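# A closer look at the structure
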Amino acid sequence: MSDRIQDLQKSLSEGLPQCSVEIRRHGGVELISSKENLVGVLAYLREHFGYRHLSHISCVDWLEQNQFELVYILWNYESRIQLFVKVRLARVNGSGISVRHLWPQADTYEREIAEMYGLPFDGNENPRELILEDWDNKPPMRRDFDTRAYSKEAFYDRPGREDAKDVRSVISGRSGEEIPEIAIPYTRK
Amino acid sequence: MREKETTLYLGPQHPGITGNMMVKLKVTGDTIVRAETHVGYLHRGFEKLMEVRNWMQVFPIVCRICVPEPDPNEENLARAIEILEGREVPERAQYIRVMVLELARLASYLLWFGGQSGSAGLYTMPQWSVGDRDYILDLFEELTGGRVYHMYIWAGGVRRDLPEGFADKVLRVMDYLEKRLKHYDNLMLDNSIFQKRAQGVGVIDREKALDWGIVGPPLRGCGFKHDVRIDDPYLVYDKLQFEVPTETGCDVWARALVRRREFEQSISIIRQIMEKMPGGEFYNKVPNPLHWKVPAGDVYVKTESARGEFGYYVVSDGSDKPRRVHVRGPAYVHGITLLEHLLQGANLADVSFIMNSLGTCPPEMER
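Every chain is numbered on its own, with residues counted from 1 as its sequence reads. Note on labels: chains are lettered from A, ligands numbered from 1, in written order. Where local features are concerned, this predicted model is filtered to residues with pLDDT of at least 70; where side-chain atom pairs are given and counted, the filter is 80 or more; whole-chain, interface and lining totals use all residues. The side-chain quantities take in all heavy atoms of the structure and omit both hydrogens and water.

### A short note on the sheet that holds strand β6 (residues 297–305) of chain B
Residue and element names in this part refer to chain B. As a reminder, the rule being used: Only strands that DSSP links by at least two bridges are regarded as paired with each other. A run of H or I in DSSP becomes a helix once it reaches four residues, and a run of E becomes a strand once it reaches two; helices and strands are each numbered from the N terminus. Axis lines are fitted to C-alpha atoms, over the contacting stretch for helices. Their N-to-C directions set the angle, which ranges from 0 to 180 degrees.
In spatial order, the strands read β6-β7-β8; together these three strands make up an open sheet with antiparallel pairing. Each edge of the open sheet carries a strand with a single partner, namely β6 and β8 (322–328). Across the sheet, the mean angle from the axis of one strand to that of its neighbour is 15°, orientation sign disregarded. In this structure, β6 lies alongside strand β7 (residues 308–316), joined through nine bridges in antiparallel fashion.

### Some words on the pairing of strand β5 (residues 82–90) of chain A
All names here are of chain A. Definition in use: When accessible area is computed with a 1.4 Å probe and restricted to protein chains, residues below 20% of their type maximum are described as buried, those above 50% as exposed, and intermediate ones as partly exposed.
Buried residues dominate β5, accounting for seven of its nine residues. Examined bridge by bridge, strand β2 (residues 29–33) and β5 share five bridges and lie parallel to one another. Paired with Ser33 across the strands is Val87, a residue of β5. Of the strand pairs in this sheet, strand β4 (residues 67–75) and β5 are connected by nine bridges, and their pairing is antiparallel.

### So, the packing of helix α6 (residues 166–189) of chain B against helix α10 (residues 252–276) of chain B
All names here are of chain B. Convention followed: The labels follow the angle: roughly parallel below 35 degrees, roughly antiparallel above 145, roughly perpendicular from 65 to 115, and oblique for the rest. In this scheme the handedness of a crossing depends on how the near helix is turned from the far one: anticlockwise by less than a right angle means left-handed, clockwise means right-handed. For this analysis, residues touch if any pair of their heavy atoms sits within 4.5 Å. Note that Gly is not counted as nonpolar here; it falls among the polar residues with everything else outside the nonpolar set of Ala, Val, Leu, Ile, Met, Phe, Trp, Tyr, Cys and Pro and the charged set of Asp, Glu, Lys and Arg.
The contact between α6 and α10 brings their axes to 10 Å, and the two run at 160°. In terms of axis orientation, α6 runs roughly antiparallel to α10. For the pair α6 and α10, the sense of crossing is left-handed. Along the contact surface, α6 presents Ala167, Val170, Leu171, Met174, Asp175, Leu177, Glu178, Leu181, Asp185 and Leu189, while α10 presents Trp253, Ala256, Leu257, Arg260, Phe263, Glu264, Ile267, Ile270, Arg271 and Met274. A per-class count over the contact of α6 with α10 returns 14 nonpolar, no polar and six charged.

### A short note on the interface of chain A and chain B
To be explicit about the condition: Here, a salt bridge means any side-chain nitrogen of Lys or Arg that lies within 4 Å of a carboxyl oxygen of Asp or Glu. Whenever two N or O atoms come within 3.5 Å, that pair is a polar contact, provided that in protein one can donate a hydrogen and the other can accept it, and provided that, for residues adjacent in sequence, both atoms are side-chain atoms.
Each partner contributes residues to the interface: chain A has 45 residues there, and chain B has 46 residues. In this assembly, chain A and chain B are joined by 10 salt bridges. Where Arg80 of chain A meets Asp231 of chain B, a salt bridge forms, and the shortest distance between an N and an O atom there is 3.3 Å. Across the chain A-chain B interface, the total number found is 23 residue pairs in polar contact (both at pLDDT 80 or more). Every element with two or more residues in the side of chain A that touches chain B is listed here: β3 (53–62), β4, β5 and α3 (106–117) of chain A. Per-element accounting of the side of chain A that touches chain B gives the leading share, 10 residues, to β3 of chain A. Looking at the side of chain A that touches chain B residue by residue, the classes come out as 22 nonpolar, nine polar and 14 charged.

### Thoughts on the domain arrangement of chain A
Quick note on the threshold: Domain delimitation in this document rests on an assignment produced automatically or drawn from a domain database.
For chain A, the assigned domains read domain 1 (2–155) and domain 2 (157–189). Relative placement of domain 1 of chain A and domain 2 of chain A: their C-alpha centres are 50 Å apart.

### Observations regarding the packing of helix α4 (residues 91–118) of chain B against α10 of chain B
Between two packed helices, the angle of one axis relative to the other and the distance separating the axes together describe the packing. Residues and elements named next belong to chain B. Between α4 and α10, the least distance of the axes is 9 Å, while the angle of their chain directions is 150°. Between α4 and α10, the angle falls in the class roughly antiparallel. Here α4 and α10 pass one another in a crossing that is left-handed.

### Focus: the sheet that holds β3 of chain A
Residues and elements named next belong to chain A. The strand order β1-β2-β5-β4-β3 describes an open sheet built from five strands, whose pairing is mixed. On the outer flanks of this sheet lie β1 (20–23) and β3, each paired with one strand and no other. Sheet twist, expressed as the average angle between the axes of neighbouring strands with direction ignored, equals 20°. In terms of strand pairing, β3 meets β4 through nine bridges, oriented antiparallel. Bridge pairing in β4 links Ser58 to Val71. Running over the sheet, helix α1 (residues 2–15) touches β1, β2 and β5 and is turned about 175° from β1.

### Some remarks on helix α3 (residues 71–85) of chain B
Along an α-helix, residues three or four apart share an orientation, since each turn contains 3.6 residues. All names here are of chain B. What counts, and what does not: What a helix should span is 1.5 Å times the count of its residues minus one.
For α3, which comprises 15 residues, the first-to-last C-alpha distance of 21 Å matches the rise-based estimate of 21 Å (1.5 Å per residue) to within 8%. Counting buried residues in α3 gives 13 out of 15 residues, a clear majority hidden from the surface. Following α3 by one or two positions, Gly86 adopts a phi angle in the positive range, close to 70°.

### Some words on the packing of aromatic side chains
Within a pair of aromatic rings, the relevant descriptors are the distance that separates the centres and the angle that separates the planes. Residues and elements named next belong to chain B. In plain terms, the rule: Pairing of aromatic side chains requires ring centres within 6.5 Å, counting the rings of Phe and Tyr and the six-membered ring of Trp. Pairs whose planes differ by under 30 degrees are stacked, by over 60 edge-to-face, and all others tilted.
Counted under the stated rule, the structure contains 19 aromatic pairs over all chains. Between Trp112 and Phe113, the aromatic rings sit 5.5 Å apart at their centres with planes inclined by 50°, giving tilted as the arrangement. There is no split in this pair, since Trp112 and Phe113 are both buried. Geometrically, the ring pair formed by Phe194 and Phe353 is edge-to-face, given 5.7 Å between the ring centres and 70° between the ring planes. On the criterion of sequence distance, the pair formed by Phe194 in helix α7 (residues 192–198) and Phe353 in helix α12 (residues 351–357) is long-range, its members being 159 residues apart. Residue classification places Phe194 among the buried positions, given a relative accessible area of 0%. Under the relative-accessibility criterion, Phe353 is labelled buried at 0%.

### Some details on the side chain of Arg367 of chain B
Mapping Arg367 of chain B onto the fold places it in the segment after α13 (362–366). Residue classification places Arg367 of chain B among the buried residues on the basis of a relative accessible area of 1%. A polar contact is formed between the side chain of Arg367 of chain B and the side chain of Glu47 of chain B, at a distance of 2.8 Å. In contact with Arg367 of chain B, other than residues within four places in its own chain, are Glu112 of chain A together with His43, Arg44, Gly45, Phe46, Glu47, Ile65, His326, Val327 and Tyr332 of chain B.

### Remarks on the environment of Arg197 of chain B
All names here are of chain B. Structurally, the position occupied by Arg197 is in helix α7. Looking at Arg197, the relative accessible area reads 22%, which means it is partly exposed. Sequence-wise, Arg197 and Asp350 are 153 residues apart; in three dimensions their C-alpha atoms are separated by 8.1 Å. Those residues in contact with Arg197 that lie beyond four places of it in its chain are Ser119, Ala120, Ala349, Asp350 and Phe353. Polar contacts involving the side chain of Arg197 include one to the side chain of Asp350, which spans 3.2 Å.

Given below as structure tokens:
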């Protein structure tokens, strides 16, 4: 297996001199591409190396480096070697590039990344909404989107739930209703 | 004369829909012109939530990503952490994990038997198969404490050892399920109603099946012998004997036959597991969960779930919380691009039938 991975790494470095090709510590091969080369690289891998199955497209927000990382995970059914193609993009005003003409299912991944990270894709303009309908806030999967602050702002507490007190005892305190013994919350003595 | 085009909204509350999602259909008469999948009724923000939880706290979240079959999620996450850390898993724990995964596959197929026949109007089957699924849930309850969500597999092994006499109970349930198969065949696969509804319906283009990212029973129904358990073996699957059934029809019928034959294979796998299960530890000691830091790195792990390749892309930045956990459910591809394509030109009555045959599962589409 490791021989075949080394062979693949060698032939990929020869075939794609514009990318850096490395053998991954946890198995498989990793390619780092630039955005300009990405579609060409993926099409080349698909046509000449048998990487027909697009397993996954993921996006990771590297807030500290002000970058998004798109990860394309490909699988070859013949050689059974996993391939990662990674591309780093600017976090502000950056954009990815669509590969839905190569794999139709990429459209769904791009729709989700566009709405969850606010990262548009060239060639997939105005994608249909996937999960979030009528969302006008910051894209929620970005690292700097604070879920707790958002929910404090958007929703209000149920009466009796403003603090961490037991709801039943708060309500019974107001109405004078007696709590059955079985429902009294246990407190450590 | 041009027929009038009508818009129909199927779901989110509809008995034929496999969960909370909606399919917007443009129909002329009974024929579907266009279909659009709308998800978003079940988005719980799990992937965001995982980024602010400790590694250990992620386990109760991931199992809720897939209701009928939660265990591949736990296994994927556990294996991702183990690969990143280089942590060994005792052999006994690996065998127990395979047993749990295969029991979950059986439970999931039993639900699917019910759903698929129910959407063809055969309502006895759901009563029987869901009833029989309860015997598997009883086993899960005894083993893990939970019937549907187990939170049983964790990094380093499994949470508990098998209880006293558990192996016998598992084998008894397997014998029972095997006997029941002929009744299922009578009710479903040998039933001419089912055959007429299923044959030639929801046909996937074989040439495109690989390029479209189709996995699991729909891919094997197109004649491709691809299964993660064989292609990229994990746990102890390479030590077990089992077949990967394929069919060539590419239609709902082919997918049904594939699942039906896989059911027998899973029973055989569980019997082998019970025979070969070694003794020893069932977990390796893990660090204090509150201060558990996973070395930086990223990994993609996958499991063959009942619906196909279930993948997790896990990124760690070396801290005590995951940087990113991205879930790839098979339904993410099957239930959106493929379903929309297959529904074009289909009959209105076949919508839920086709949907069931693809194993559409909204919770894993939107997490």
